[in-house]
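Understanding the architecture of this molecule
So you can see what is in the structure, the chains are spelled out below.
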Amino acid sequence: MKSLLLVILAFASSTGLLLAQNAKISGLLLDSTANKPVEFATVALLKEGKPIHGVTADAKGSFTFQKVDAGHYAIQVSFVGYTTKTIDKVNVVAGQDVEVGVIRLAQTVQKLAEVTVTEQKALFEEKADRMVYNAEKDISIKGGDATDVLKKIPSIAVDLEGNVQLRGSANIKVLINNKPSSIVARSISDALKQIPADIIKQVEVITSPSAKYDAEGTAGIINIITKKNTLQGTNGSISPNFGQWNNWQNATLNHRMKSISLSANAGYNDWRNKRYMQQLRSFMTGDTITNQNQTQWVLGNGQNFYGTFTADWDIDSLNRLGAGLNYYNGDNTNGFDINFEESRRGIVGQYFRRDMSRTYDWSGATVNLDYTRLFKKPKKELTLLMLYSFEGEDSDYWSNLLNRNNSIYYREKSFNISNNKEGTVQLDFTNPLDSASTLELGTKTIFRQILSDYRIASAVDGSTDFVDNPALANVFDYAQQVAAAYVVYNRTSKKKWGINLGARYEHTFIQANFLNGTSSFNNTYGNLIPSISLSRSLPKEQKIRLNYSQRIQRPQFYYLNPYVNQADSKNQYGGNPYLAPELTHSVEANYSVSIKQTSINASFFLRQTNNAIEGVNTVDNEGVLRQIFQNVAQNSAYGLNLSANTKIIKQWSINGSLNVFYNILESKELKARNADWMYRINLNSTIDFGKGYKAQLFGFYNSARVGLQGTYVGFGYYNVVMQKEILNKKATIGFGYDIPFNETINWRNDFVGPNFVQTQDVALYRRGWRLNLKYEFGKMNSNQRQKKRISNDDKKAGEGNN
């Protein structure tokens, strides 16, 4: 018996010793250019040139061979799009694990003839912290501008003047390629009209930005990403687009060598507009009620040229230098034919006809320089970003008043010369603490200067002998500096929990001066902005996310410029240089799920903005309405956003969304409160008939929305587009029609004040056709690594110019 036990013990000991002599071989696969993990590559373990074991790298590029005997081996890595790489002399000693470290894979470079690369993406995608709209997959926007693109996105509402709201708030920040633009600083709606839809690749909507982002944009951030050269060789496109109301001509040219990438884009667009409006206003002076009836026809046209050039140099696998230049120049003129009549107790006391023209012309440029330093440690990165932008704008009008005999008895003209300069320096550092955790640190400084010089002159006898009015002239010089620093900790555990904790501190310095004797002022304030996000990945492609963030909104030039536009003497508006920033608290809960060909996303949000900036309307005893911006309100909203994408069959896809929320606007100063439910319905349907034929139908309806002093009646929009691929898929031709069954889009605005009520009925002529052409050429191949960009997402931007 003892002998048997000794034999068993000896056998067990020898077996344990043999098992203990086994070892593990592990490593990490990275793209040699992008320094990002290569997912799901095939890794083979070779002995004497023959494969004896194989594994697949995980989503982070990691691989491990278990229970490897002592000996001499080689490792071979292969994956589609990469050159096969072999690591020789991998020696395993009994019982000692081997870490081969980072294996960098080079992308395969194949010189191809004329090629069309098609990336199969859904129209809408839900990412960890944002919703992505793949605009390049949407045929219905071709021949339009960025306004048409944003109309397609759930939770975004664009009114008929091009003004943008996100979940019922206009307090957003719009970025172009993750960078601010000086034209966006002047007017978001004007900027969107100058970006052709054909060059837009994606739009990202970030409703709960982390502390990494600038603290402004209280409702969120909209990032417009234009198409870039990501393929080796020379390629480009020519895209002439024609329409009843606007024309777009656009061209791109890209060239990428082994380490240098050059990209240029230029275009020209012109547009026309036509509108009719009737305005009825009643106001009280003492016990007397005065009624005003004003009708106006507006005919306008405009044009804009833009051009961009970017250059990127991969100095080596760890260092990169990039530079870019963006230039634009345009003008917009509207002619007004206004008839005005004022009466008391049925007796007409005042009548005039106003013949007026108002012109805006602008030009500006943005220059940026970027440096990126990568490290051998995966995902470790240091970036230095610098940007300088400037814009000049002239806003002029002339106006003639005519009596019933069509004789001119009064003339007036005005000009407002302004410029906006901005410089930014930003430093960011990302350091992975381990395989699941990342720490991000950064600092940023922004310098801004705004100058506005305005004059008004008149000829009271209707002659051309104009006399300046010094009381209505001024020079406004405004300087602002923002210094910021942030820290963000991010962790995703193996149990699929994710957490993002961040804090950002911003300190603002303001100095404002006036030429006409108005007292100068200065101000300084600091804001500590926290953010937290919790996420959890669930089985069967489900995910939940909870966010809290705090945001501020500094007023931009449109809100600050004290120039009062008096082109319409009965309806005047201007800015307020004494505005303070808004402060917003935002909470969001998000759930998403994918079921076969269907993805569903639901978001509940709650937002409260204190010290909210609102346009306040007052009417004086002469019946003149003046709108001036003031910090007078609290703006609260809570609601639900539902969106879904599905394929009925392989060739037929449908995207839809419903955004419903309750909005409360309240002002103790004005003793005013307005609240109501609002909603927006979006529907997009695409059918692929095969052989290059596609059709798309799109429509939306915005319900009535509330303002602090009134309501804006709802409206709808729809269009249909057909497209055909030709010339071996190198070209497309499309034809679309907007609102084919309605000549105009009609809506009503109602306003109420302490001593007045007002109604505006507006008809905008929008029915029209569009013809879209595009031809692509060139040799294409390979990808370039992603760049980091400056994002000055920290200012409240203005609405469009009428």
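Residues numbered from 1 in each chain as written. Predicted model: local features only at pLDDT ≥ 70, side-chain atom pairs only at ≥ 80, totals over all residues. Heavy atoms only, no water.

Moving on: the sheet that holds strand E3 (residues 50–56). The four strands are arranged E3-E2-E5-E6 in an open sheet whose pairing can be described as antiparallel. Only two strands of the sheet have a single neighbouring strand rather than two, namely E3 and strand E6 (85–92). This sheet shows a mean twist of 25° between the axes of neighbouring strands, independent of strand direction. Sheet topology note: the strand E2 (residues 42–47)/strand E5 (residues 71–78) ladder contains five bridges and is antiparallel. Its bridge partner being in E5, Leu46 is matched across the sheet by Ala74. (Pairing = 2+ DSSP bridges. Helix = DSSP H or I, 4+ residues; strand = E, 2+ residues; numbered from the N terminus. Axes fitted to C-alpha atoms, helices over the stretch in contact; angles between N-to-C directions.)

With that settled, consider the environment of Asn319. With respect to the helices, strands and loops of the structure, Asn319 is situated in strand E19 (residues 319–344). The exposure class of Asn319 is buried, given its relative accessible area of 14%. Along the chain, Asn319 and Arg373 lie 54 residues apart, while their C-alpha atoms are 4.8 Å from each other. (Buried < 20%, exposed > 50% of the residue type's maximum accessible area, 1.4 Å probe, protein only.)

Another point: the side chain of Gln760. Within the secondary structure layout, Gln760 lies in strand E42 (residues 756–765). Of the residues examined, Gln760 reaches a relative accessible area of 14% and is grouped as buried. Polar contacts involving the side chain of Gln760 include one to the side chain of Gln279, which spans 2.9 Å. When neighbours within four sequence positions are excluded, Gln760 is seen to be in contact with Met277, Gln278, Gln279, Trp747, Arg748, Asn749 and Phe751. (Polar contact = N/O pair within 3.5 Å; in protein donor to acceptor, adjacent residues only side chain to side chain. Contact = heavy atoms within 4.5 Å.)

A word on the environment of Ile649. Structurally, Ile649 can be placed in strand E33 (residues 625–649). In the structure, Ile649 is positioned 38 residues away from Ile687 in sequence and 9.4 Å away in space, judged by C-alpha atoms.

As a note on interpretation, predicted positions should not be read in detail where pLDDT is low. Mean pLDDT over the protein stands at 84; residues scoring 70 or higher make up 88%. For the protein, per-element mean pLDDT is lowest for helix H1 (residues 2–20), which scores 42, and highest for E42, which scores 96. Note on residues 1–20: pLDDT is under 50 here. Beyond four places in sequence and across chains, it has one contact. Long-range and interchain partners of residues 780–786, a stretch whose pLDDT sits below 50, account for 35 contacts in this model, where long-range means more than four residues apart. (pLDDT = per-residue confidence, 0-100.)

For the rest of this paragraph, the subject is the sheet that holds strand E1 (residues 23–31). Read across the open sheet, the three strands follow the order E4-E1-E7; overall the sheet is mixed. Each edge of the open sheet is held by one strand with a lone partner, namely strand E4 (62–68) and strand E7 (98–105). On average, adjacent strands in this sheet sit at an angle of 20° to one another, irrespective of strand direction.

So, on to the nonpolar core. Within the largest apolar cluster, 33 residues are counted, with the highest numbers of intra-cluster contacts made by Leu150, Ile156, Val164 and Val203. Among residues more than four places away in sequence, those in contact with Val203 are Met131, Val132, Tyr133, Val149, Leu150, Ile153, Ile222, Asn223 and Ile224. Membership of the second largest hydrophobic core comes to 21 residues, among which are Ile25, Val55, Phe65 and Leu105. (Core = buried A, V, L, I, M, F, W, Y, C linked by side-chain atoms within 4.5 Å.)

Below, the discussion takes up unusual backbone geometry. Despite not being glycine, Arg345 has its phi angle at roughly 55°, a positive value. Position of Arg345 relative to the elements: it lies in the loop between E19 and strand E20 (347–374). Positioned with a positive phi, Lys671 is a non-glycine residue whose angle comes to about 55°. Mapped onto the fold, Lys671 is located in the loop between strand E34 (652–667) and strand E35 (672–690). A relative accessible area of 80% places Lys671 in the exposed class.

So, on to the pattern of salt bridges. Pairing between side chains of opposite charge can happen when their charged atoms approach one another. Throughout the structure, instances matching the rule amount to 18 salt bridges. The closest approach of N and O atoms between Glu588 and Arg545, which form a salt bridge, is 3.9 Å. Separated by 43 residues along the polypeptide, Glu588 in strand E31 (residues 582–595) and Arg545 in strand E28 (residues 542–555) bring together distant segments of the chain. For Asp761, the salt bridge identified is with Arg748, shortest N-O distance 2.7 Å. Of this pair, Asp761 sits in strand E42 while Arg748 sits in strand E41 (residues 744–753), placing them 13 residues apart in sequence. A relative accessible area of 36% means that Arg748 is categorised as partly exposed. Bridged by salt links that share partners, the residues Arg256, Asp314 and Arg320 form one connected network. (Salt bridge = Lys/Arg side-chain N within 4 Å of Asp/Glu carboxyl O.)

Taken as a whole, this structure holds 24 aromatic pairs when the rule is applied. Their ring planes at 45° and their centres at 5.7 Å tell us that Phe476 and Tyr478 sit as a pair that is tilted. Like Tyr478, Phe476 is buried. Judged by centre distance (5.1 Å) and plane angle (55°), the ring pair of Tyr662 and Trp677 falls under tilted. Of this pair, Tyr662 sits in strand E34 while Trp677 sits in strand E35; the two residues are 15 residues apart in sequence, bridging distant segments of the chain. Looking at Trp677, the relative accessible area reads 49%, which means it is partly exposed. Three or more aromatic residues link up through ring pairs in this structure, and these residues are Phe476, Tyr478, Phe514, Phe521 and Tyr578. Taking the ring centre of Tyr351 as reference, the NZ or CZ of Arg404 above it sits at 4.0 Å. Note that Lys413 overlies the ring of Phe466, its terminal NZ or CZ placed 4.5 Å from the centroid. (Phe/Tyr/Trp six-rings, centres within 6.5 Å; stacked < 30°, edge-to-face > 60°. Lys NZ or Arg CZ within 6 Å of the ring centre and 35° of its normal.)

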